[in-house]
Amino acid sequence: MYIADLHIHSRYSMATSRDLIPELLDLWARKKGIHILGTGDFTHPAWRRELKEALEPAEAGLYTLKQERSIPLEGGFFKEPVRFVVSGEISSIYKKNGRIRKVHSLILLPDLAAADTLSLKLEAIGNIRSDGRPILGLDCHDLLALTLEVCPDAIYIPAHIWTPHFSLLGARSGFDSIEECFEELTPFIRALETGLSSNPAMNWRLPFLDSFQLISNSDAHSPSKLGREANLLDIPLSYEGLYNGIQEGKGLMGTIEFFPEEGKYFYDGHRKCGICLSPSYTRSLKGICPVCHKRMTLGVLNRTLELADPKRKEGFLLPGAHPFESLIPLPEVIASSLGVSSSGSVRVGRLYEEMLKHLGNEFKILREASLDDIGRVGTKEIARRIQILREGTVTWSPGFDGAYGKPIFDFTEPASMC
Ligand SMILES: [Zn+2]
Ligand SMILES: [Zn+2]
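Quantities reported herein were computed from a predicted structural model and do not represent experimental measurements.

This part takes up the overall build of the protein chain. Looking only at helices and strands, the protein chain features 14 helices and 17 strands. Relative to a compact globule of 418 residues, whose C-alpha radius of gyration would be 22 Å, the protein chain shows 21 Å and is just as compact. Counting only C-alpha atoms and orienting by the principal axes, one finds that the protein chain spans roughly 60 × 60 × 40 Å. Taken across its 418 residues, the protein chain has 58% of its residues classed as buried. Taking as baseline every contact in the protein chain between residues at least 6 positions apart, the subset at least 24 positions apart corresponds to 68%. Summing over all exposed atoms, the protein chain offers an accessible surface of approximately 17400 Å²; the carbon and sulfur share of this is 53%. Between the centroid of the 48 positive side chains of the protein chain and the centroid of its 53 negative side chains there is a distance of 6 Å.

Right, here's the structure in full:
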């Protein structure tokens, strides 16, 4: 079984870490336990140049970091080289049916040569040199047509489909159906990325999504955020295997998810006004912020309920759908156990590295390691939190209007009001 994180960014995207270089992506993928990693940002010429220097072909359509560039890791768990697949995200901003649409699309390609060819075509349309995730005035329908014309084996996946501001079904500037966006090309869309603020169960309540593969990726803007969400694939290790897994669900065994409450746009509200509300409360206020009296940012839960089939109640299980696991990144679990607010603190980092050295990669620790071992190498407090996590009984102070949600691990502490 392979774990794949297909949507990430390089240091050439806006507001991303300078550490997003091939060597550190490989290193962090091994630390996390990711077998197949998207390169991100294939449209950017300088990033493609770096990838060509740093990577070498592995199985058909996949790459590995050149051996001599690999950074050694202590501990016996990181032998297998990470496979890279060419990926990138494009932001389309355009007018359709009388409204401004802002939609992000994830594209996977079978090799760097296809990335060269597609980028050349996109260069004629807009600026792909200033941002690793370029903004183009190109209708998604036309982007899909162009992508398939250049590379019929490309995989085109609408990204984080519920994000309010930049997505296919987003409340602010998306569409109400997939057909409205892609029209006669809709059959070429086979997979949808559910994003951090929604999990498959929320998507199962919408019958018009039943036939799509629901996949999950980290959309990482720094190496330590890799694998926040990922896909479990039982496939032959090749681009073709990946294609069949993502597009047809052949060997797509499930996804690893954020708890949607942790996502930045789960509930409704106004961050600057300190207002965080459930969809039913928002409805009672007609969407107006009680502090500043302007329209609130409607979250992903609200938007999915708006388009859901009322007959599919909360907890509806879609027959045949693949399962999912909900996790919290280990640095956050450690931070919570130490009572520190930042998962990036030095103390958290030290304990994190110590646990990896003795217990294996992060997914292994979160999903498989015995609680006794976690307690012994880490602390009892960490083990207790991972137990709660595995039982799925974490309560939340939910994310809203761009602020991440926070887990509440203490049994005795009631969930916050919002
Ligand atoms: Zn995006
Ligand atoms: Zn407000």
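Applying the stated criterion to the full structure yields 6 aromatic pairs. Their ring planes at 85° and their centres at 5.6 Å tell us that Y156 and F182 sit as a pair that is edge-to-face. Of this pair, Y156 sits in strand β8 (residues 155-158) while F182 is found in helix α5 (residues 178-182), placing the two residues 26 residues apart along the sequence. Taking the centre distance of 5.9 Å and the plane angle of 65° together, the rings of W204 and F324 count as edge-to-face.

Counting residues in hydrophobic clusters, the biggest one holds 100 residues, and the most contacted among them are L109, L168 and L330. Ranked by the residues each element gives to this core, the list is headed by helix α11 (residues 346-359), at 6 residues. Beyond its immediate sequence surroundings of up to four residues, L330 is in contact with Y352, M355, L356, E362, I365, L366 and I386. Ranked by size, the runner-up nonpolar core spans 19 residues in total, among them A4, L62, I235 and L237.

Turning next to the coordination of the zinc ion (ligand 2). Within the protein, the atoms that donate to the zinc ion (ligand 2) are H270 (ND1), C273 (SG), C289 (SG) and C292 (SG), at distances of 2.0 to 2.3 Å. Coordination of the zinc ion (ligand 2) draws on donor residues from a single chain, spaced H-x2-C-x15-C-x2-C in sequence. Relative accessible area serves as the criterion here: at 0%, C289 is assigned to the buried category. C292 sits in the partly exposed class, given a relative accessible area of 23%.

On to the pattern of salt bridges. This structure, assessed with the given rule, holds 20 salt bridges. Among the salt bridges present, the one from R11 reaches E50, with a minimum N-O distance of 2.3 Å. Here R11, found in the loop between β1 (2-5) and α1 (22-32), pairs with E50, found in helix α2 (residues 45-54); they are 39 residues apart in sequence, far enough to count as distant. Using a relative accessible area of 16% as the deciding quantity, one classes E50 as buried. Here D309 makes a salt bridge to K311, at a shortest N to O gap of 3.8 Å. Owing to a relative accessible area of 70%, K311 belongs among the exposed residues under this scheme. Sharing partners across several salt bridges, the network here consists of R48, K52 and D116.

Looking now at α11. Given a rise of 1.5 Å per residue, 14 residues ought to cover 20 Å, and the 20 Å separating the end C-alpha atoms of α11 matches this to within 8%. Every buried residue of α11 is listed here: V348, L351, Y352, M355, L356 and L359. Take α11 and look down its axis: the buried residues cluster within an arc of 135°, on one side only. What points out from α11, more than 90 degrees from its buried face, is the exposed set V346 and R350. Where α11 is buried, its residues meet α1, α10 (330-338), α12 (362-367), α13 (371-377) and α14 (380-391). Two residues or fewer after α11 comes G360, characterised by a positive phi angle close to 105°.

Take the coordination of the zinc ion (ligand 1) next. Taken together, the protein donors to the zinc ion (ligand 1) comprise E89 (OE), H104 (ND1) and H160 (NE2), at separations of 2.0 to 2.2 Å. Considered as a linear motif, the donors of the zinc ion (ligand 1) on their single chain read E-x14-H-x55-H. With E89 in strand β5 (residues 83-96) and H160 in the loop between β8 and α5, the pair connects residues that are 71 residues apart, well separated along the chain. Per residue, the accessibility class of E89 equals that of H160, and both read buried.

Criteria and cut-off values
Residues numbered from 1 in each chain as written. Chains lettered and ligands numbered in written order. Predicted model: local features only at pLDDT ≥ 70, side-chain atom pairs only at ≥ 80, totals over all residues. Heavy atoms only, no water. Helix = DSSP H or I, 4+ residues; strand = E, 2+ residues; numbered from the N terminus. Rg over C-alpha atoms; globule rule 2.2 N^0.38 Å. Buried < 20%, exposed > 50% of the residue type's maximum accessible area, 1.4 Å probe, protein only. Contact = heavy atoms within 4.5 Å. Areas by Shrake-Rupley, 256 points an atom, 1.4 Å probe, with all protein chains shown as cover. Lys, Arg positive; Asp, Glu negative; His and termini not counted. Charge placed at Lys NZ, Arg CZ, Asp CG, Glu CD. Phe/Tyr/Trp six-rings, centres within 6.5 Å; stacked < 30°, edge-to-face > 60°. Core = buried A, V, L, I, M, F, W, Y, C linked by side-chain atoms within 4.5 Å. Donors = N, O, S within 2.8 Å, 3.2 Å for Na, K, Ca; no water. Salt bridge = Lys/Arg side-chain N within 4 Å of Asp/Glu carboxyl O. Expected span 1.5 Å × (residues − 1). Arc of directions from axis to C-beta.

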